[in-house]
Amino acid sequence: MSAGNGNANGDGGFSFPKGPAIPKITTGAKRDNDICQDDSGPTVKATTLDELHSLQKKRSAPTTPINQSGTAFSEEERQKIQLQSISASLASLTRESGPKVVRGDPAEKKADGSTTPAYAHGQHQSIFSPALGAVSDSSLKFTHVLYNLSPAELYEQAIKDEKGSFITSNGALATLSGAKTGRAPRDKRVVRDATTEDELWWGKGSPNIEMDEHTFTVNRERAVDYLNSLEKVFVNDQFLNWDPENRIKVRIVSARAYHSLFMHNMCIRPTPEELESFGTPDFTIYNAGQFPCNRYTHYMTSSTSVDLNLSRRELVILGTQYAGEMKKGLFSVMHYLMPKRRILSLHSGCNMGKDGDVALFFGLSGTGKTTLSTDHNRYLIGDDEHCWTETGVSNIEGGCYAKCVDLSREKEPDIWNAIKFGTVLENVVFDEHTREVDYSDKSVTENTRAAYPIEFIPNAKIPCVGPHPKNVILLACDAFGVLPPVSKLNLAQTMYHFISGYTALVAGTEDGIKEPTGTFSACFGAAFIMLHPTKYAAMLAEKMKRQGATGWLVNTGWSGGSYGVGNRIKLAYTRKIIDAIHSGSLLEANYKKTDIFGFEIPTEIEGIPSEILDPVNSWSDKKAHKETLLKLGGLFKKNFETFANQKIGVDGKLTEEILAAGPIF
Ligand SMILES: Nc1ncnc2c1ncn2[C@@H]1O[C@H](COP(=O)(O)OP(=O)(O)OP(=O)(O)O)[C@@H](O)[C@H]1O
Ligand SMILES: O=C([O-])CC(=O)C(=O)O
Ligand SMILES: [Ca+2]
Ligand SMILES: [Mn+2]
């Protein structure tokens, strides 16, 4: 032991070695007036710390809004109109009075050091007080509105107040969605009233679980009361649909910065000018996800309820914080509104080549819509929700929602690079010190996600619209490993597989091998459609026929055997297949017809081992292959029974052809 550890004197304490006193530091130049040289530079124009802090932030320059009569609104007037509109959104349906609505963060210190609303101090700040007099305690309180905050502001809010919010080393905001890490389709309810009774698809197979108007009102009140009980709520005013003629104005009222940032990224972001003339929203979401629904309420079967009222144009969320409910709730609304305008809504990705050739990618969750529409050689129009009109396609959203499980920089560079400042990273695990994300860690959930604005993808097509599709690619992740990597479909087959909406994922990841289970979800999105599947199918058939689009079925799942024996098809191979579809070269290939399903499959594709193109070649156990193929064929047949006596479109002949386009054995 050396004396250097300061404890050599044996008394158990510390002492410094005795020596000469340390001389005072003197600065060379201005010794006489006793001012240190470092203090003689320029000083700030502030006499107190508060004043200094007030210098730090400048206000965004107000633009010059013009109202209907051609006169400009003052900043104050504009804020008052906004607050009036938000106050109307937050109003109870039963009480005359509600909380006073104020703008800004309640925790933000005023110049006088107070944190209570400026109202009480006679300062300038917009307040909207709906009631004349106070009739309840709730009408005495203030609800602060954080309106269309920027990502940076939302980061600060999340980190300040929401446990589980962290900045990861790539700059993204990591969040936790709570107990629910995926959507809850069995808790999604739709109000059945005089209008929807006739218009929507009800009964067996329908995703629309009914509730009555009264129960909706009870849940709406519960959500609104919860939101009003908070000190602050987040309000986003944004748009859906890049087609200017069919743009929908949405307002999202939520309790969490996570939800506000998620929707900021996923919906279309208005410009400051567009926001000034936003007016009344076409649709409003009340997200009270932290607060459960009441099990004593009629129809409630769990503590979660996602309630859609198309007549009131409102969605109420109770008992789940999974942000995807908002995104997909709005998608359901579009599946109702758009077909009314003879526009087809699609659960598909969409991209466009340099020559303007557009491809749609349909598929259930996890089949590759986001992965394959994000293609460095093509323009991304959107990854999940689109509309097909008389003139072409438009993206409904302003952002992408990518699965992150096992994400790799090499295989999916554009998605990897999109995870940066501004991106919401849901339920991922990261190093507690370096904050580096481990995408292979499924401790919270396998459904880890990144939500980012579409312009985070370098070759995004802004505005997100394009001409009519040339190729319609149906994706299935077939864990049985019997569907060919690619099949060319005729129109009837395309419709058969669109209506079937097949995929088979593996049941779970624990405890070794599990049987794959087939999932059939009409229109590759039964959870979101509002009308009978044949309505969407008829529109798709009509559009594909008119535009001469080619249908393809691509298996992004297993090859060389079922799950447990074979492996998932290499993403690089799937990309080569997709490239050959886009370039048109696959149309020119030689084809042969398969047994049972009657698919046309190419015998060769450049860059891919030919033997994998016909699954039977890659299975070592031929008997097992045949059995599995028949088993899958049987699942298709059984699923299609419910559609057997449905007419698809006006063309009786097409209906016959579609029914005959399934597996035959
Ligand atoms: N051959 C393959 N083709 C496509 N994706 C593959 C392939 N092999 C592995 N994958 C992985 O499968 C996942 C596909 O998920 P993706 O996010 O594209 O699903 P999605 O269809 O967009 O679903 P959702 O509608 O839920 O967003 C990705 O994690 C991707 O890395
Ligand atoms: O909605 C979600 O949570 C994710 C998604 O895109 C889908 O399931 O289709
Ligand atoms: Ca996706
Ligand atoms: Mn989706």
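Criteria and cut-off values
Residues numbered from 1 in each chain as written. Chains lettered and ligands numbered in written order. Predicted model: local features only at pLDDT ≥ 70, side-chain atom pairs only at ≥ 80, totals over all residues. Heavy atoms only, no water. UniProt positions renumbered as here; feature names shortened; annotations may be inferred. Axes fitted to C-alpha atoms, helices over the stretch in contact; angles between N-to-C directions. Helix = DSSP H or I, 4+ residues; strand = E, 2+ residues; numbered from the N terminus. Parallel < 35°, antiparallel > 145°, perpendicular 65-115°, else oblique. Left-handed = near helix turned anticlockwise from the far one by under 90°. Contact = heavy atoms within 4.5 Å. Nonpolar A, V, L, I, M, F, W, Y, C, P; charged D, E, K, R; others polar. Donors = N, O, S within 2.8 Å, 3.2 Å for Na, K, Ca; no water. Buried < 20%, exposed > 50% of the residue type's maximum accessible area, 1.4 Å probe, protein only. Near = heavy atom within 4 Å. Polar contact = N/O pair within 3.5 Å; in protein donor to acceptor, adjacent residues only side chain to side chain. Expected span 1.5 Å × (residues − 1). Core = buried A, V, L, I, M, F, W, Y, C linked by side-chain atoms within 4.5 Å. Phe/Tyr/Trp six-rings, centres within 6.5 Å; stacked < 30°, edge-to-face > 60°.

An unreviewed UniProt entry lists the protein under the name phosphoenolpyruvate carboxykinase (ATP), from Brassica campestris. UniProt lists a comment for the protein under the heading Subunit (unreviewed entry), and it reads "Monomer."

Quick look at the packing of helix H6 (residues 257-266) against helix H8 (residues 324-340)
Across the interface, H6 lies against H8 with an axial gap of 9 Å and an inter-helix angle of 45 degrees. The angle between the axes of H6 and H8 places the two elements in the oblique class. In this structure, H6 crosses over H8, and the sense of that crossing is right-handed. Contacts from His259, Phe262, Met263 and Met266 of H6 reach H8 at Gly324, Met326, Lys327 and Leu330. Grouping the constituent residues of the contact of H6 with H8 by class yields 5 nonpolar, 2 polar and 1 charged.

Looking at the coordination of the manganese ion (ligand 4)
In this structure, Lys328 (NZ), His347 (NE2), Asp384 (OD) and Asp384 (OD) serve as the protein donors to the manganese ion (ligand 4), at separations of 2.3 to 2.7 Å. Of note, the manganese ion (ligand 4) draws all its donor residues from one chain, in the sequence arrangement K-x18-H-x36-D. Taken as a pair, the manganese ion (ligand 4) and the calcium ion (ligand 3) lie 4.8 Å from each other. With a gap of 56 residues between them, Lys328 in helix H8 and Asp384 in the loop between strand E15 (379-382) and strand E16 (385-388) connect regions that are remote in the sequence. Note on Lys328: relative accessible area 9%, which makes it buried.

With respect to the site of ligand 1
Near ligand 1 lie 20 residues; those nearest to it are Ser365, Gly366, Lys369, Glu412 and Arg449. Contacts to ligand 1 include Thr367, whose backbone N or O atom sits 3.4 Å from an oxygen atom. Ile569 places a main-chain nitrogen or oxygen 2.9 Å from a nitrogen atom of ligand 1. Every element with two or more residues in the shell around ligand 1 is listed here: helix H9 (369-373), strand E18 (399-403) and helix H13 (571-583).

A short note on the coordination of the calcium ion (ligand 3)
Around a metal, the ideal angle is 109.5 degrees if four donors adopt a tetrahedral arrangement and 90 or 180 degrees if six donors adopt an octahedral arrangement. At 2.1 to 3.2 Å from the calcium ion (ligand 3) lie its protein donor atoms, namely Thr370 (OG1) and Tyr401 (O). By relative accessible area, which is 11% here, Thr370 ends up buried.

Thoughts on helix H2 (residues 75-90)
In a regular helix each residue adds 1.5 Å, so 16 residues correspond to 22 Å; H2 covers 22 Å between its end C-alpha atoms and thus fits that length. All of the buried residues along H2 are Arg78, Gln79, Gln82, Leu83, Ser85, Ile86, Ser87, Ser89 and Leu90.

Focus on the nonpolar core
Leu227, Ile285, Leu425, Tyr452, Phe498, Met530 and Ile658 are the most contacted members of the largest nonpolar core, which totals 155 residues. A per-element tally of this core places H8 first, with 8 residues. Excluding its chain neighbours within four sequence positions, the residues that come into contact with Ile658 are Ala492, Met495, Tyr496, Ile499, Phe640 and Ile648. In this structure, Val554, Ala580, Ile605 and Ile608 belong to the second largest nonpolar core, which totals 18 residues.

Regarding the side chain of His144
Locating His144 in the fold gives a position in strand E3 (residues 142-147). A distance of 3.0 Å separates the side chain of His144 from the backbone oxygen of Gly104, its partner in a polar contact.

So, unusual backbone geometry
For the bond running from Ile462 to Pro463, omega is -5 degrees, close enough to zero to count as cis. Checked against the element boundaries, Pro463 lands in the loop between strand E22 (449-453) and strand E23 (465-466). Here Arg313, not a glycine, exhibits a phi torsion of approximately 60 degrees, which is positive. Along the chain, Arg313 falls in the loop between strand E11 (305-309) and strand E12 (314-318).

Considering the packing of aromatic side chains
Counting across every chain of the model gives 20 aromatic pairs. On the numbers, 6.5 Å between centres and 40 degrees between planes, the contact of Tyr322 with Tyr401 is tilted. Of this pair, Tyr322 sits in the loop between E12 and H8 while Tyr401 sits in strand E18, and the two are 79 residues apart along the sequence. Here Tyr322 matches Tyr401 in class, with each residue buried. Through a chain of ring-to-ring contacts, three or more aromatic side chains come together here, namely Tyr496, Tyr502, Phe520, Phe597, Phe599, Phe636, Phe640 and Phe643.

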